Amino acid sequence: NFSNRLPRESKYTEKVRALILDIENELELKAPEYELMVHNKIYEILIILARYLDYGTGKTVTAEEYSHIKSVRTAMDYINRHLPDELTLEEIAKRADMSPNYFSHIFKKTVGVALWDYITSKRIESAMTLITERPDRNMLDIAVDCGFNNTANFNKMFHRVTGMTPSKFRRHGE
């Protein structure tokens with residue numbers, strides 16, 4: 001007798017089920033950047049639970065908020081596919097069909113972190129994977145592959161996110 005069971009008749013329960021199956025598939029196939037996809041799908045599940053199924057928030061979601069979630073999700077997918085590229089607020093906002101300023105506001109409200117903090121953390125996650133899986137590669141190549149234009153900025157952001165330099169991370173692992 002579970003009090004937090006998802007309602008079977010809800011379309012959102014079916015969406016959570018589909019996302020869990022997508023996560024299982026990502027973990028099984030281990031395609032490039034699968035970890036980012038798994039993280040995004042987990043975030044989407046949490047948003048569905050909180051906003052649509054009334055877990056933890058006590059409020060219902062308006063049609064406008066649902067539209068914003070879908071737009072932010074589209075933008076996040078674009079960001080995750082283009083992490084190594086030079087990303088601009090204008091291009092990302094265009095993917096969400098919003099003005100840049102409005103998109104920044106909606107992204108932070110929906111995801112809980114500022115857009116550039118999200119992008120930086122995703123780039124650092126990617127760098128950590130490359131550092132671990134490709135110890136033969138130099139830091140400049142890894143920085144460039146993860147969307148940083150120089151090692152100074154890469155080192156600074158890596159330290160800000162992880163609390164250590166990329167070189168120290170390489171020496172000591174995860």
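Here, every reference points to the structure presented above.
Residues numbered from 1 in each chain as written. Predicted model: local features only at pLDDT ≥ 70, side-chain atom pairs only at ≥ 80, totals over all residues. Heavy atoms only, no water.

Engineer: What exactly am I supposed to notice about the overall build of the protein here?
Structural biologist: Scanning the protein from N- to C-terminus turns up nine helices and zero strands. Reading the protein from its N terminus to its C terminus gives the helix and strand order α-α-α-α-α-α-α-α-α. Reported as C-alpha extents along the three principal axes, the dimensions of the protein are approximately 55 × 40 × 25 Å. For the protein, the residues scored as buried account for 36% of the 174 residues in total. Within the protein, contacts between residues separated by at least 24 positions form 57% of all contacts whose residues are at least 6 apart in sequence. Carbon and sulfur atoms make up 51% of the accessible area of the protein, which amounts to about 10,800 Å² in all. Averaging the positions of the 25 positive and the 25 negative side-chain charges in the protein gives two centres separated by 3 Å. (Helix = DSSP H or I, 4+ residues; strand = E, 2+ residues; numbered from the N terminus. Buried < 20%, exposed > 50% of the residue type's maximum accessible area, 1.4 Å probe, protein only. Contact = heavy atoms within 4.5 Å. Areas by Shrake-Rupley, 256 points an atom, 1.4 Å probe, with all protein chains shown as cover. Lys, Arg positive; Asp, Glu negative; His and termini not counted. Charge placed at Lys NZ, Arg CZ, Asp CG, Glu CD.)

Engineer: How do you make sense of the pattern of salt bridges when you look at a structure like this?
Structural biologist: Side-chain pairs of opposite charge can arise whenever the charged atoms involved come near each other. Across all of its chains, the model carries ten salt bridges by this definition. In this structure, Arg-73 engages Glu-44 in a salt bridge whose closest nitrogen and oxygen atoms are separated by 3.2 Å. Of this pair, Arg-73 sits in helix 3 (residues 63-81) while Glu-44 sits in helix 2 (residues 34-51), and the two are 29 residues apart along the sequence. Take Glu-44: its relative accessible area is 16%, and that puts it in the buried class. Among the ionic pairs, Arg-95 bridges to Glu-91, the shortest N-O distance being 2.8 Å. Of this pair, Arg-95 and Glu-91 both sit in helix 4 (residues 89-95), four residues apart, which is roughly one turn of that helix. Arg-95 gets classed as partly exposed once you look at its relative accessible area, which sits at 41%. Using a relative accessible area of 23% as the deciding quantity, one classes Glu-91 as partly exposed. (Salt bridge = Lys/Arg side-chain N within 4 Å of Asp/Glu carboxyl O.)

Engineer: Is there a simple way to think about helix 5 (residues 100-111) in this case?
Structural biologist: Residues spaced three or four apart along an α-helix face the same direction, because each turn holds 3.6 residues. The end-to-end C-alpha distance of helix 5 is 16 Å, a good match for the 16 Å that twelve residues give at a rise of 1.5 Å each. Buried residues along helix 5 sit in contact with helix 2, helix 3, helix 4 and helix 6 (115-133). Positioned one or two residues after helix 5, Gly-112 has a phi angle of 100°, which is positive. (Expected span 1.5 Å × (residues − 1).)

Engineer: Is there a simple way to explain the packing of helix 3 against helix 5 in this structure?
Structural biologist: It is the contact of helix 3 with helix 5, at a shortest axis distance of 10 Å, that shows an interaxial angle of 100°. It follows from the interaxial angle that helix 3 and helix 5 lie roughly perpendicular. Note on element contacts: helix 5 touches helix 3 through Tyr-102, Phe-103, Ile-106, Phe-107, Thr-110 and Val-111, opposite Glu-64, His-68, Ile-69, Val-72, Ala-75 and Met-76. (Axes fitted to C-alpha atoms, helices over the stretch in contact; angles between N-to-C directions. Parallel < 35°, antiparallel > 145°, perpendicular 65-115°, else oblique.)

Engineer: How should I be thinking about the environment of Pro-7 in this particular structure?
Structural biologist: Residue placement: Pro-7 occurs in the segment before helix 1 (11-29). The partly exposed category is assigned to Pro-7, whose relative accessible area is 27%. When the C-alpha atoms of Pro-7 and Leu-53 are compared, they prove to be 8.4 Å apart, with 46 residues separating the residues in sequence. When neighbours within four sequence positions are excluded, Pro-7 is seen to be in contact with Thr-13 and Leu-53.

Engineer: So what exactly am I meant to see when it comes to the packing of aromatic side chains here?
Structural biologist: Two descriptors summarise a pair of aromatic rings, namely the distance from one centre to the other and the angle between the planes of the rings. Using the criterion set out here, one finds five aromatic pairs in the structure. Where Phe-103 meets Phe-107, the ring centres are 5.7 Å apart and the plane angle is 50°; that geometry is what we call tilted. Taken together, the residues span about one helical turn, with Phe-103 and Phe-107 both in helix 5 at a distance of four residues. With a relative accessible area of 0%, Phe-103 lands in the buried category. Taking relative accessible area as the criterion, Phe-107 reaches 0% and is therefore assigned buried. Ring pairing ties together the aromatic residues Phe-148, Phe-154, Phe-158 and Phe-169, which thus form one cluster. (Phe/Tyr/Trp six-rings, centres within 6.5 Å; stacked < 30°, edge-to-face > 60°.)

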